[in-house]
Amino acid sequence: MKKGTPAGAVEYLKDGKIIAYPTETVFGIGCDPYQEQAVQRIFHIKKRPSTKKFILISSSYKQLEEVVDTKRISQEVLESWPGPNTWLVPPNDKLPKWLIDKENGLIAVRVSSHDAVNEICEKFGKPIISTSANLYNSKILKDYKEVESIFNKEIDYLVIGDTGEYDKPSIIRNMLTGEILRK
């Protein structure tokens, strides 16, 4: 595992590699969402069922316009960003099928307020996969040293930095129903 800055993570993303990085809530694991093998590798690393889709995290709503149905995004969603608010929203028809939840046909998205995420996404030029850096149903990790000790052999690049002040992963809500899926 190589360690470094947010800018250093971008070449790894372009090469289909897996990165870990701090967010405003917990450490995340990510990759280029358009490289299906990388997405599948994260399922394997986390030991997570493939039916549990991942979040796409971005530095701005503009980046999400490439993946969501912009005509259907509510004002409530837009006003909740940037920050630790993840929304299930309708995707556009360009989004790869492996990113869409088969049960509800939606995609989970978030605009981050964390400097490291924003630098990664800005330099990468698009959203990245974001899932908590932990094994499925295990303790969340807020320190890069914990991430390194658990995922040293599985993750290709670790962004050194601190997570934000929130103690839990982002809130997840369904934009269409208002249902809160994770508090």
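Above this text sits the structure in question.
None of these values were measured; they are calculated from a predicted model.

A. The arrangement of the side chain of arginine 48 in detail. In this fold, arginine 48 is placed in the loop between α2 (36-46) and β4 (55-58). No salt bridge is formed by the buried arginine 48, whose closest oppositely charged neighbour, aspartate 101, lies at an N-O distance of 8.5 Å. A polar contact is formed between the side chain of arginine 48 and the side chain of threonine 131, at a distance of 3.1 Å. If we skip the residues at most four places from it in the chain, arginine 48 touches Phe43, Lys53, Phe54, Thr131 and Tyr136.

B. Inspection of the pattern of salt bridges at higher detail. Under the definition given, this model contains seven salt bridges. Notably, a salt bridge pairs lysine 3 with glutamate 148, separated by 2.7 Å at the nearest N-O pair. Of this pair, lysine 3 sits in strand β1 (residues 2-4) while glutamate 148 sits in helix α6 (residues 144-151), and the two are 145 residues apart along the sequence. The class for lysine 3 is partly exposed, based on a relative accessible area of 38%. A relative accessible area of 21% places glutamate 148 in the partly exposed class. Of the charged contacts in the structure, one is a salt bridge between glutamate 11 and lysine 14, with a shortest N-O distance of 3.5 Å. Highlighted residues: glutamate 11 and lysine 14, both in helix α1 (residues 6-14), separated by three residues, approximately one helical turn.

C. Structural detail: unusual backbone geometry. In the segment running from tryptophan 81 into proline 82, the intervening peptide bond is cis, with an omega of -5 degrees. By the secondary structure assignment, proline 82 is in the loop between α4 (75-79) and β5 (85-89). In this structure, lysine 47 is a non-glycine residue whose phi angle is positive, near 60 degrees. Relative to the elements of secondary structure, lysine 47 occurs in the loop between α2 and β4. Phi angles above zero are rare outside glycine, and asparagine 137 is one such case at about 60 degrees. As for its position among the elements, asparagine 137 is in the loop between β7 (128-132) and α6. On the basis of relative accessible area, asparagine 137 is assigned to the exposed category, the value being 68%.

D. Looking closely at the sheet that holds strand β2 (residues 19-22). Spatial ordering of the open sheet is given by β1-β8-β2-β3-β7-β4-β6-β5-β9-β10, a layout of ten strands whose pairing is mixed. The open sheet has two edge strands with one neighbour each: β1 and β10 (180-182). Taken pair by pair, the neighbouring strands of this sheet meet at an average axis angle of 30 degrees, ignoring direction. Against the sheet, α1 contacts β1, β2, β3 (27-30), β7 and β8 (157-159), and its axis sits at roughly 155 degrees relative to β8. Sheet contacts for α2: β3 and β7; angle to β7, the most-contacted strand, approximately 10 degrees.

E. Expanded view of the side chain of glutamine 63. Counting through the fold element by element, glutamine 63 comes out in helix α3 (residues 61-64). Residue glutamine 63 is classed as buried on the basis of its relative accessible area of 10%. A polar side-chain atom of glutamine 63 sits 3.0 Å from the main-chain amide nitrogen of serine 59. There is a polar contact of 2.8 Å between the side chain of glutamine 63 and the backbone oxygen of cysteine 121. Aside from chain neighbours lying at most four places away, what touches glutamine 63 is Ser58, Cys121, Glu122, Gly125, Lys126 and Pro127.

Calculation criteria
Residues numbered from 1 in each chain as written. Predicted model: local features only at pLDDT ≥ 70, side-chain atom pairs only at ≥ 80, totals over all residues. Heavy atoms only, no water. Helix = DSSP H or I, 4+ residues; strand = E, 2+ residues; numbered from the N terminus. Buried < 20%, exposed > 50% of the residue type's maximum accessible area, 1.4 Å probe, protein only. Lys, Arg positive; Asp, Glu negative; His and termini not counted. Salt bridge = Lys/Arg side-chain N within 4 Å of Asp/Glu carboxyl O. Polar contact = N/O pair within 3.5 Å; in protein donor to acceptor, adjacent residues only side chain to side chain. Contact = heavy atoms within 4.5 Å. Pairing = 2+ DSSP bridges. Axes fitted to C-alpha atoms, helices over the stretch in contact; angles between N-to-C directions.

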